[in-house]
Amino acid sequence: MTRPGPRNLITDVPGIAVGNAEDAAARTGVTVVIPEERAVAAVDVRGGAPGSRDTHTLDPASLVDRIDAVALSGGSEYGLEAAAGAVAWLAAKGRGFAVGEVKVPVVPAAILFDLANGGDKGWGEEPPYRRLGRLACDNAGDRFALGNAGAGLGAKAGTLKGGLGSASAVDTTSGVTVGAVIAVNPVGSVVMPGQNCLWAWALEQGEEMGGQPLPTGPIAADAEEGASFHPGANTTIGVVALDADLTAAEARRVAIMAQDGLARAIRPVHTPFDGDILFVLATGRRSLPDNRPAALSRLGALAADAVARAIGRGVFEAEDLGERLSYRTVHGHALRCGKR
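The text that follows walks through the structure, step by step, so that each part is easy to find. (Residues numbered from 1 in each chain as written. Predicted model: local features only at pLDDT ≥ 70, side-chain atom pairs only at ≥ 80, totals over all residues. Heavy atoms only, no water.)

It is worth spelling out the packing of aromatic side chains at this point. All chains considered together, the criterion is met by two aromatic pairs. Centroid distance Tyr78 to Trp123: 5.2 Å. Interplanar angle 70°. Geometry classified as edge-to-face. With Tyr78 in the loop between β6 (70-73) and α1 (81-92) and Trp123 in the loop between β9 (109-111) and α2 (129-138), the pair connects residues that are 45 residues apart, well separated along the chain. In this structure Tyr78 comes out as partly exposed when scored by relative accessible area, which is 41%. Among the residues examined, Trp123 registers a relative accessible area of 15% and is labelled buried. The interplanar angle of 80° and the centroid separation of 5.6 Å between the aromatic rings of Trp123 and Tyr129 together place this pair among those described as edge-to-face. Per residue, the accessibility class of Trp123 equals that of Tyr129, and both read buried. Feature note: the residues Tyr78, Trp123 and Tyr129 constitute an aromatic cluster, connected by ring pairs. (Phe/Tyr/Trp six-rings, centres within 6.5 Å; stacked < 30°, edge-to-face > 60°. Helix = DSSP H or I, 4+ residues; strand = E, 2+ residues; numbered from the N terminus. Buried < 20%, exposed > 50% of the residue type's maximum accessible area, 1.4 Å probe, protein only.)

Structure below.
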């Protein structure tokens, strides 16, 4: 048996803080995940159109063995500057990889596309992302907003408004806490075709997704929910955190397994149009049981479920933005009338 942590957020993992920052006029934002101490990290890239920074640093064969933060941002290529803002903020705190007497913060990053959502993108030579990266670090703590917040502000999910979601689970076997924070912006659908329930409905804990209605019947094998395909115009990105003492290779295995959470909550997923990326942070505060492969398998499965639940929560918590309607606007009647 597992249960969500007390906040049902990635910050239930001890030593993890999250900060959001938004530019409402531009309809974009940044989310930064900061471990209290430098953490073992890994990444898994599945989308066909990724945008990222420093992912090669996370190869287990690389010199850098721990990182200082992860930045998730809207803005497509412009959004990679959010990591530069986080680096500057962390450097001022004395954080980073020691190179002689110099500390160099290591902040991998991933971006999603939100440039066509109707916001004011006329920023000229000064995109807002470096500033938003620093502001997100300023805002980091154990509580943060979901839905139209941070990197999820300008996101869309198929034909619906996307958003920022988070979820956690405590493994009662090992005592390890697993959490995920996801910016949900896929080309695929998060809702079962012809239904009112999310693909992630069966994983809901309590009423974290509003009290999902049951499916009313099977779906057609070729059913689609009206996704529109435009190269490079989507992407679901996120971070999974654990308080386990994982090696870099073990963290990579968790990242690979956690990607299954996207497949449980979005269809189609990992398309040529998406840049799906998941990072894993392991804080090392809790030892795994002696049978490490078995424990790792369990934690990877929990991570995948947490990712799917975070996707469901991000979509459920999202609100209408411009012409993009939210799940609650389109399907909210089912939540009121069809709870399990």
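Further notes follow.
Interaxial distance between helix α3 (residues 248-258) and helix α5 (residues 292-317) falls to 8 Å at its minimum, and their mutual angle equals 40°. As the angle between them shows, α3 and α5 are arranged oblique. Between α3 and α5 the crossing geometry is right-handed. Seen from α3, the contacting residues are Glu250, Arg253, Val254, Met257 and Ala258; seen from α5, they are Arg292, Leu296, Ser297, Gly300, Ala301, Ala303, Ala304 and Val307. For the contact of α3 with α5, a count of residues per class yields eight nonpolar, two polar and three charged. (Axes fitted to C-alpha atoms, helices over the stretch in contact; angles between N-to-C directions. Parallel < 35°, antiparallel > 145°, perpendicular 65-115°, else oblique. Left-handed = near helix turned anticlockwise from the far one by under 90°. Contact = heavy atoms within 4.5 Å. Nonpolar A, V, L, I, M, F, W, Y, C, P; charged D, E, K, R; others polar.)

Attention now goes to the pattern of salt bridges. Per the counting criterion, the structure on display carries 15 salt bridges. Here Asp68 ties to Arg38 by a salt bridge, and the two come within 3.0 Å at their closest N and O atoms. One end of the pair, Asp68, is in the loop between β5 (52-53) and β6; the other, Arg38, is in the loop between β3 (28-35) and β4 (40-45), and 30 residues separate them in sequence. Linking Arg298 and Asp171 is a salt bridge whose minimum nitrogen-to-oxygen distance equals 2.5 Å. (Salt bridge = Lys/Arg side-chain N within 4 Å of Asp/Glu carboxyl O.)

The next point concerns unusual backbone geometry. Across the junction of Arg267 and Pro268, the peptide omega takes the value -10°, indicating a cis bond. Inspection of the secondary structure puts Pro268 in the loop between α4 (260-265) and β15 (277-286). At Arg27, a residue that is not glycine, the phi angle is positive and equals roughly 55°. With respect to the helices and strands, Arg27 occurs in the loop between β2 (16-23) and β3.

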